[in-house]
Amino acid sequence: MESNNHRTLNNFEDFCKILRECGFSMGGGNPKGIFSIVDFDWKEQEFVDSPIRWHTGNRETDPWEWRMRVLYECDDIAYSKLFFKTSGYITLDWYPYFYAVRRQGADFDYEYRRGRLGDAARRIYEVVSDGEVALHELKRLAHFTRDENSRFERALVELQMKMYITMCGETRKLGLNGREYGWSSTMFTTVEDFWQRRGHSLPICDAEESFERIRDRILELNPSAEQRTIDRFIYG
């Protein structure tokens with residue numbers, strides 16, 4: 001097996017350059033029938049002639065590290081659960097098109113009143129709307145019990161896929177002594193706040209025209225992509 005990108009993808013800087021040229025990418029090393037800049041995962045990497053290696057902790061060559069680096073170091077790249085309920089990247093140039101298709105001009109209250117978003121999503125969104133919040137704090141502040149873990153996880157992914165909230169970084173828990181401890185916890189914010197904090201606003205785009213633009217770009221990146229897969233990728 002050989003990576004399609006190994007000749008040009010050697011480090012984080014290369015990744016950002018390619019991503020800006022392409023506009024979007026799956027995030028986990030599996031193209032899913034669409035497109036991924038890193039098109040192999042950690043189980044396949046021993047068969048790939050590339051300096052890119054998953055889960056080494058090397059900030060320059062480990063794609064797992066890049067997902068947070070783009071959030072802190074790039075003001076024009078978003079990373080979140082965006083495609084097929086799993087991770088992906090979208091640049092600022094292409095984000096408004098996906099936003100137009102996924103949101104269709106609606107806000108959260110409108111979608112909630114119409115029954116398109118449930119109570120679990122409402123509880124999460126109300127907390128995130130007040131400002132950036134860590135995953136472990138979000139669950140507590142939204143009053144989810146252990147028995148509701150699956151509801152919480154589903155609603156969290158749904159809100160990302162529908163582009164109401166997005167990842168914005170990570171943090172660690174603080175002990176009583178003020179010291180950090182434990183694993184890092186993902187931070188979330190609203191999509192609008194994410195871009196505003198980076199000095200950008202999302203232009204209003206026509207949903208149908210946006211769909212066509214994204215579809216055409218997918219076929220440029222992957223001419224063999226199937227229409228049903230394209231639809232799922234774009235609409236979420």
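Residues numbered from 1 in each chain as written. Predicted model: local features only at pLDDT ≥ 70, side-chain atom pairs only at ≥ 80, totals over all residues. Heavy atoms only, no water.

Another point: the nonpolar core. Counting residues in each nonpolar core, the largest one holds 73 residues, and the members touching the most others are V70, I124 and F233. Contact partners of F233, with chain neighbours within four places excluded, come to F24, M26, I34, F83, F84, F98, R102 and I218. (Core = buried A, V, L, I, M, F, W, Y, C linked by side-chain atoms within 4.5 Å. Buried < 20%, exposed > 50% of the residue type's maximum accessible area, 1.4 Å probe, protein only. Contact = heavy atoms within 4.5 Å.)

A separate point is empty space enclosed by the protein. Within this structure, the stated rule accounts for 1 cavity of 30 Å³ or more. The calculated volume of the largest cavity comes to roughly 40 Å³. In terms of lining residues, the largest cavity is bounded by F15, S25, M26, G27, G29, S36, I37, V38, W54, P63, W66 and Y89. Mapped by element, the contributors of at least two residues to the lining of the largest cavity are β1 (24–26) and α2 (63–73). Of the residues that constitute the lining of the largest cavity, the class distribution is 8 nonpolar, 4 polar and no charged. (1 Å grid on protein atoms, 1.4 Å probe; cavity = no way out; pocket = protein on both sides within 12 Å on 5 of 7 lines; lining within 4 Å. Points joined across faces, edges and corners; volume = space filled by probe spheres on them. Helix = DSSP H or I, 4+ residues; strand = E, 2+ residues; numbered from the N terminus. Nonpolar A, V, L, I, M, F, W, Y, C, P; charged D, E, K, R; others polar.)

Here we come to the pattern of salt bridges. Side-chain pairs of opposite charge can arise whenever the charged atoms involved come near each other. Applying the stated rule across the entire model yields 20 salt bridges. For E158, the salt bridge goes to K162, with nearest N and O atoms at 3.3 Å. Take E158: its relative accessible area is 25%, and that puts it in the partly exposed class. Classification of K162 by relative accessible area gives partly exposed; the value is 25%. (Salt bridge = Lys/Arg side-chain N within 4 Å of Asp/Glu carboxyl O.)

What follows covers the pairing of strand β2 (residues 77–83). Burial within β2 is extensive, with 6 of its 7 residues counted as buried. Relative to strand β3 (residues 86–91), β2 runs antiparallel, the two being bridged by 6 bridges. Across the sheet, A78 pairs through a bridge with I90, a residue of β3. Hairpin connection of β2 to β3: 2 residues between the antiparallel strands, including F84 at a positive phi of 55 degrees. (Pairing = 2+ DSSP bridges.)

Right, let's get into a positive patch on the surface. A grouping of K32, K85, R154, R228 and R232 is seen on the molecular surface, where their side chains present a positively charged patch. You can see K85 is positioned in the loop between β2 and β3. Given the relative accessible area of 63%, K85 is considered exposed. (Patch = residues over 30% accessible without salt bridge, like charges linked within 9 Å, V, L, I, M, F, W, Y side chains within 5 Å. Areas by Shrake-Rupley, 256 points an atom, 1.4 Å probe, with all protein chains shown as cover. Lys, Arg positive; Asp, Glu negative; His and termini not counted. Charge placed at Lys NZ, Arg CZ, Asp CG, Glu CD.)

Take the sheet that holds β1 next. Reading across the sheet, the 3 strands line up as β1-β3-β2 and stay open at both edges, with antiparallel pairing between neighbours. Unpaired on one side and paired on the other, β1 and β2 mark the two borders of the sheet. Direction aside, neighbouring strands of the sheet carry axes that sit 25 degrees apart on average. Seen against the sheet, α2 touches β2 and β3 and runs at an angle of roughly 120 degrees to β2. (Axes fitted to C-alpha atoms, helices over the stretch in contact; angles between N-to-C directions.)

Treat this as a map of the structure, not an account of what it does.
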